[in-house]
Every structure is written in structure tokens, then in C-alpha cells.
Amino acid sequence: IMERQWTDEERLELAARLDAELDAFIEGLERKRYEEGWPEDRWQEEMDKHPFFMKKAPQPGDEVHPMFEGLQKLKYDPEENTRDELALNYKEDGNFYMKHKKFRMAVYSFTEGIKSKTDNPDVLAVLYNNRSAAHYFLKNHRSALGDAQKALHHKPDYTKARWRAAQCAHELDKFDVCSQMCEELLEVDVDHKEAKALLHKNKMKKVSKTEYLSPRNLISCFSQLETERNQRKEAADAKRRLNRFHRLREAIEQRAVKFDDQKIGQKANITEELLRPKFLPLEDHPVHLDDDGSTLVWPAAFSYPEFLFSDFQQQLPETATMSDCLATLFAEPLACDKALSYRLGNVNVYYENRKAGLVHKVALEKPLSEIIAEKGFFVSGGALLFYVVPKDTRVEQEFINQQRRPLIYS
């Protein structure tokens, strides 16, 4: 097929014809006036109403854009949201109003969240506490105290709600309630500076609110306040000790620790007396939980049958291995070990099962927690008791073959 060769004149003629046809097509289009835009004199006002461009939420009574109504339905419709989702949506609104100091609107939002009937105690505690804060800033101290106490009902360890309750009680001259809240805060955090300051301020206010007192009666009043403070402190200390013991007992029960003193087939009745070490160097160091509350720390005795004496370690974390213990024991040579037989790698460690009259060899790489969990291990006299002998020696054989009589508990 031969391609046609266009001359310059033909090309110009074709271009002119196409331009004319395009112009005719455009002129033939039906012209419509665009009437859906914003009027020039009100475009800023219309933009502020549009959900994509508005700078503040509509207030009650304002005309609402249809798209905003649709978004509201998605956010607040019970058919579109669970109770928890509704409560959290209202909480989010309330927090927004709190941030912008619209406290009455915040109260309304948190109230709607509570009315959503969520049964999540953490969510309810936050809603009541936040509404308490909004009431507090509105100086509705009675309502604020009531909400803070409801928050504590749903979440007893809620520090923010307890502090808010203390502040409200002080404003309402509920001196005993304020003191109680402050003392409870100090139980959890002894360095809570605000609670300490409010406790002192509350006491001074209580004195100033009383009728005129003579100097003698004033001294008596201060003395009574000091006595009450000491009594509260003693009660708080006792409560802390009891809570610590409950956590300790729970940890021991979870690990199924066994004791020489418990009867066969019966669960041990874990008491402070049972856990008190019977070895004199250990008696002030009973088993306890470490600061993070997850690791048991044990007192331990290491007996050397060859020399008829013992070493004591007062605080051994259950995460330590037997090798760790021996490294500490033999950091310096034993004074009575003239042959230097007692060193890491040259000894074996055993424990006695006094109930069965047997001894068990300890795997040195095991942590104490695994050794204590072994079927034949029993805590003896409130402490861990181990026997250390030189490896492959006469002393070791005599210890192993020593006659032992099983203990029988009825």
C-alpha cells in the first residue's frame, strides 16, 4: 500500500476544516447555568457550615448540614454501635469539651455516655471520674464528690478518682472523708506530695472551723488530731502488711510450694508463723516478694556435713541457679577447708526429703524455682535447706548412705 504524500497546502486545509468542525460542535452544545455552587457573597459562611471545613461543632439549635447529620447518626445510633462504642464516643466528645473548657457540655457528654448502659467497669469509672472533674471546675463540689465515689465503686484502685474525691471533700468541709482519701492515697504512694499537703491543710481547716478554743483546749485539740493521725497511720501500715502477706500467700500457693510441717495429702495452711525462719541468722528474713511483686526471695541454709557447720544466705531470688549460689558461697575459701575441696565444679548439692527419708541430688544449672517445684522438695523451718559435699568422695558416700527415718504425719 502506497502512503499518500501530503503537501503543505493540503495539511493546512485539513487543519482549518477540523478547527471549523470543533467550533461548530462547541457552539451547538446546550448551555446550562451552574446553580449548585456557593453564592459569591456568602461562600465563607457556607464553607463554615460544611462538615469538611467547619472549625467548630454545631451548637444546640444551630442548622445542621445533612452530611453532619449522617455522620452523627453513624457515631451515636444505637443500631450502628455497641454500648461500649457509644460510651467511648461520648467520652471522646466530653474530653474534647473539657480541653476547650466547655464544662457544661462536657457534663452532658459524659452523662450520655453513662446512659448508654455499658457494663464495662473501667469505662464507667472513667466516665464518672471525668464528669466529676467537669463538675469540680463548675464548682459543683457535691456532684463532683458523688461522681468520684461512683468511679471508685467501679474501680477501687482508681488514683485519679480518689484524689478528686479528696479535693471535693475538702471543699465541702467533709474533713473525715478528705483525711480518709488522702491516707488511702499515701498507702499506695508514700511520696504523694499533693495528698500530704491536702491532709495537713484539711487538719488546719478542721481546727479553724471549730468554735473558739482556749490555749489548753487548743493544745488538746491538736493532740487529738495527732493521735487520730497516728491511729490512721497504724491502720494503714497494718493494711499494707496484710495486703503484702495476701499477695505472698497467693504466690506461694500458685507455685504449689510444699512444707515439712504440712500433713500428707493436705493443703498447707500458710501463716506468718509457718513462713518464719527457724534458723537464728535467718529469722529476720522470711520469704517475701521482690519489689516488682513477681519473684519470691527465699532465705537459705547450706550445710557442710563434713565440718558440721552451715552458711546462710538471707535473700536468694528464685530466679538464681544453684551455680549462682555456690559462686557466692565460694567467693572466698572456707576457713576450715584446708584441702580446698569446696570450690565451684568440685562439689555436689543435695536436699533431704524428710517425709520419705531420702536425699535428692540438685542439678546445678536449675533455678531455685524449679528445684523447689520438684516432687521431693519441702521447705524446712521456713527456709531452703541444702547439703554441700565434695564430689566423688568418702564424705559424699557417707552422706548419701546415712540412715534416715521417714517422718509420718497423721
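Here the structure is a predicted model, which is why all the values come from computation and not from measurement.

What to know about the pattern of salt bridges
For step 1, the next point in the chain: On inspection of all chains with the given rule, the structure shows twelve salt bridges.
For step 2, the next point in the chain: Where D147 meets R131, a salt bridge forms, and the shortest distance between an N and an O atom there is 2.7 Å. One end of the pair, D147, is in helix α7 (residues 141-154); the other, R131, is in helix α6 (residues 121-137), with 16 residues separating them in the sequence.
For step 3, the next point in the chain: R404 is the salt-bridge partner of E352, the closest N and O atoms lying 2.6 Å from each other. In this pair, E352 is assigned in strand β4 (residues 347-353) and R404 in the segment after α15 (394-401), connecting sequence segments 52 residues apart. A single burial state applies to E352 and to R404, both of which are buried.

Topic: the packing of aromatic side chains
For step 1, the next point in the chain: The tally for this structure, following the rule as stated, stands at 13 aromatic pairs.
For step 2, the next point in the chain: Each ring, one from F307 and one from Y342, has its centre 5.3 Å from the other, and the planes form 50 degrees; the classification is tilted. Here the residue F307 occupies a position in the loop between β2 (296-304) and β3 (309-317), and Y342 occupies one in the loop between α13 (322-329) and β4, the gap between them amounting to 35 residues.
For step 3, the next point in the chain: Given a relative accessible area of 24%, F307 falls into the partly exposed group.
For step 4, the next point in the chain: Aromatic ring contacts, followed pair by pair, group F302, Y351, F377 and F386 into a single cluster.
For step 5, the next point in the chain: One Lys or Arg, R164, reaches over the ring of Y136 and ends 5.0 Å from the middle of that ring.
For step 6, the next point in the chain: Note that K258 overlies the ring of F378, its terminal NZ or CZ placed 5.8 Å from the centroid.

Remarks on the packing of helix α5 (residues 103-115) against α6
Packed helix pairs are characterised by how far apart their axes lie and by the angle those axes make with each other.
For step 1, the next point in the chain: Here α5 crosses α6 at 160 degrees, and the two axes come no closer than 9 Å. In terms of orientation, α5 and α6 fall into the roughly antiparallel class. With respect to the hand of their crossing, α5 and α6 are arranged in left-handed fashion. Between α5 and α6, the contacting residues are F103, A106, V107, F110, T111, G113 and I114 on the first element and L127, Y128, N130, R131, A134, H135 and F137 on the second.
For step 2, the next point in the chain: Looking at the contact of α5 with α6 residue by residue, the classes come out as nine nonpolar, four polar and one charged.

Definitions and cut-offs
Residues numbered from 1 in each chain as written. Predicted model: local features only at pLDDT ≥ 70, side-chain atom pairs only at ≥ 80, totals over all residues. Heavy atoms only, no water. Salt bridge = Lys/Arg side-chain N within 4 Å of Asp/Glu carboxyl O. Helix = DSSP H or I, 4+ residues; strand = E, 2+ residues; numbered from the N terminus. Buried < 20%, exposed > 50% of the residue type's maximum accessible area, 1.4 Å probe, protein only. Phe/Tyr/Trp six-rings, centres within 6.5 Å; stacked < 30°, edge-to-face > 60°. Lys NZ or Arg CZ within 6 Å of the ring centre and 35° of its normal. Axes fitted to C-alpha atoms, helices over the stretch in contact; angles between N-to-C directions. Parallel < 35°, antiparallel > 145°, perpendicular 65-115°, else oblique. Left-handed = near helix turned anticlockwise from the far one by under 90°. Contact = heavy atoms within 4.5 Å. Nonpolar A, V, L, I, M, F, W, Y, C, P; charged D, E, K, R; others polar.

So far we have only geometry, and geometry alone does not tell us how the molecule works.
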